[in-house]
Amino acid sequence: MSALSVAPAVRDAIASGRAVVALESAVITHGLPRPAALEAVRRQWAACQRTGATPAVVAVFEGRLCVGLSLDECTRLADRDDAVKVSPWNLSAALRSPGFGGTTVASTVQAAALAGLGVVSTGGIGGVHPGDGQDVSADLFELGRRTVCVVCAGPKSTLDATATLERLETLGVPVVGWRSSVLAGFLATSAGLRLPSRADTVDELAQLLRQHWALGGAGIVVSQPLTGELAIPSAELVAAETAAGRGPERTPAELRQLRDRLGERVIVANLALLERNAALAGSLAVALGRVMKPVEAQGG
C-alpha cells in the first residue's frame, strides 16, 4: 500500500520480532490542549520503552498514513491548525487534503493491522452515544474486523457504556478486565458493568489473545481502570449540557465541556490513564511475542 509509511525503527522492530505498540494521535490534534497532548505523547513513549516495546505513533502526516512518528513530528502535528480528525471513512480524503490528521482508535487499528501490529494503546474507546443508539463510533466496527487488541480505560465518559458493551458483544469483540471484573469508566474507576472475563497477569492476557485469534476472532478490548485519587467520581462526570449535533466532532466537544466544568483534574486523569495504558500495552506486546513464537515455529 503506497500510502502506508512505516518508520525505520518500527520496521526494524517488526522484522526482528520485537514488541511494538501503536499509539493513536487524535489525542494530539483533538483530545487535549497542546501542552498536555505533547506531554501525553512523551509519557506514553517512555512507558512503552520501559517495558521493552517500541512506541509507534500513528497519524496522517505529509500525505501518508504513518506508523511511527518521531517526537519532533508529533510536535509539528500539534502545531497544525488544519489537522483533521481521521477515521476510516475520511482517511483517503485526509491523505489528499490537508495531508495531516490525528488518527482515532478506528483508523489507528486500521493502520496497525496493515502494518502487522497486534497491540494499540489509547485513553478511552469510542462507542454508542446516548439517544436513539444510531450515533456509533467506527472504533467498534474496526474492532469487529481487525485482528488487533486495544488497551484502554473503557468507553469515554460521555458515552452510553451499557449500549457500547452490548454492541461489542454483537460484533464478537471480547472485553477483558485487567485485574478487574468491572468495565473501566475512563476518567472514573468503574462504569458499573460486570465483565465476563478478566486477566491478572500479562502472560494470562497474552494467552487469551492468542486463543481468541486462533479461533478466528478479530478485535479484543482490554479494560484497565484508573484507580486512586486521580479517578473522578462518576457522578461528577454526568454532563451538565449536551453538545449539539452528531458525527466526528461530537465526542471532542463533549470532552471539552467536561474540561471546562471540572478543570485541570480532567487533564491530570487523562495523562495518568494514557501512561498506564501504554505501560500495560507494552508489557502485553512483549508477552504476546513470547506466546506466539511456538505457533510460528510450528507453522501455525
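Structure: see above.
In this report, we go over the structure that sits alongside the text. Remember, it's a predicted structure, so these values are computed and weren't measured experimentally. Residue numbering note: each chain is counted from 1, following its sequence as written. Where local features are concerned, this predicted model is filtered to residues with pLDDT of at least 70; where side-chain atom pairs are given and counted, the filter is 80 or more; whole-chain, interface and lining totals use all residues. Water and hydrogen atoms were dropped before computing side-chain values, which therefore reflect all heavy atoms in the structure.

### Here's the deal with the packing of aromatic side chains
Inference 1: By convention, a stacked pair of Phe, Tyr or Trp rings (six-membered ring in the case of Trp) has centres within 6.5 Å and planes under 30 degrees apart, an edge-to-face pair has planes over 60 apart, and any other such pair is tilted. One pass over the full model with this rule turns up 1 aromatic pair.
Inference 2: For the ring pair phenylalanine 61 and phenylalanine 100, a centre distance of 5.1 Å and an interplane angle of 80° mean the geometry is edge-to-face. With phenylalanine 61 in strand β3 (residues 54-61) and phenylalanine 100 in the loop between α5 (91-96) and β6 (101-103), this pair connects stretches of sequence that are 39 residues apart. In terms of burial, phenylalanine 61 and phenylalanine 100 fall into one category: buried.
Inference 3: As a reminder, the over-ring test applies to NZ of lysine and CZ of arginine, requiring each to be within 6 Å of the ring centre and within 35 degrees of the ring normal. The ring of phenylalanine 100 has arginine 80 lying over it, and the distance from NZ or CZ to the ring centre is 3.8 Å. Secondary structure elements are defined from DSSP: runs of H or I of at least 4 residues count as helices, runs of E of at least 2 residues count as strands, and each element is numbered from the N terminus. Buried means the residue's accessible area, taken with a 1.4 Å probe over protein chains only, is under 20% of the maximum for its type, while exposed means over 50%, and partly exposed covers the values in between.

### Describing helix α6 (residues 105-115)
Inference 1: In terms of residue burial, α6 counts as a mostly covered element, since 9 of its 11 residues are buried.
Inference 2: Among all positions in α6, only Val105, Ala106, Ser107, Thr108, Val109, Gln110, Ala111, Ala112 and Ala115 are buried.
Inference 3: With its phi angle positive at about 85°, glycine 116 sits one or two positions after the end of α6.

### What about the state of the cysteines?
Disulfides are covalent bonds that connect the sulfur atoms of two cysteines.
Inference 1: Disulfide assignment relies on a single distance test, namely cysteine sulfur atoms paired within 2.5 Å. Applying the stated rule across the entire model yields 0 disulfides.
Inference 2: Of all cysteine sulfurs in the structure, the one in cysteine 66 sits closest to cysteine 74, which takes part in no disulfide; the separation is 10 Å.
Inference 3: For cysteine 74, a relative accessible area of 1% gives the class buried.

### Brief notes about the environment of aspartate 82
Inference 1: One can find aspartate 82 in the loop between α4 (71-78) and β5 (84-86).
Inference 2: Here aspartate 82 falls in the partly exposed class, since its relative accessible area comes to 34%.
Inference 3: It is 27 Å that separates the C-alpha atoms of aspartate 82 and alanine 269, two residues lying 187 residues apart in sequence.
Inference 4: In this description, contact between two residues means that some pair of their heavy atoms is separated by no more than 4.5 Å. Contacts of aspartate 82, omitting those with residues within four sequence positions, involve Pro98 and Phe100.
Inference 5: Side-chain atoms alone can form a polar contact between residues adjacent in sequence; in general such a contact is a pair of N or O atoms within 3.5 Å, and within protein one must be able to donate a hydrogen while the other accepts it. A distance of 3.0 Å separates the side chain of aspartate 82 from the side chain of arginine 80, its partner in a polar contact.

### Some points on the pattern of salt bridges
Inference 1: Whenever Lys or Arg places a side-chain nitrogen within 4 Å of a carboxyl oxygen from Asp or Glu, that contact is recorded as a salt bridge. Using the criterion set out here, one finds 12 salt bridges in the structure.
Inference 2: The shortest N-O distance in the salt bridge between glutamate 275 and arginine 43 comes to 3.6 Å. Remark: arginine 43 occurs in helix α3 (residues 34-51) and glutamate 275 occurs in helix α12 (residues 264-297); sequence separation between them is 232 residues.
Inference 3: The partner of aspartate 82 in a salt bridge is arginine 80, with the nearest N and O atoms 3.0 Å apart.
Inference 4: Here the salt bridges share partners, and the residues they tie into one network are Glu39, Arg42, Arg43, Arg50 and Glu275.

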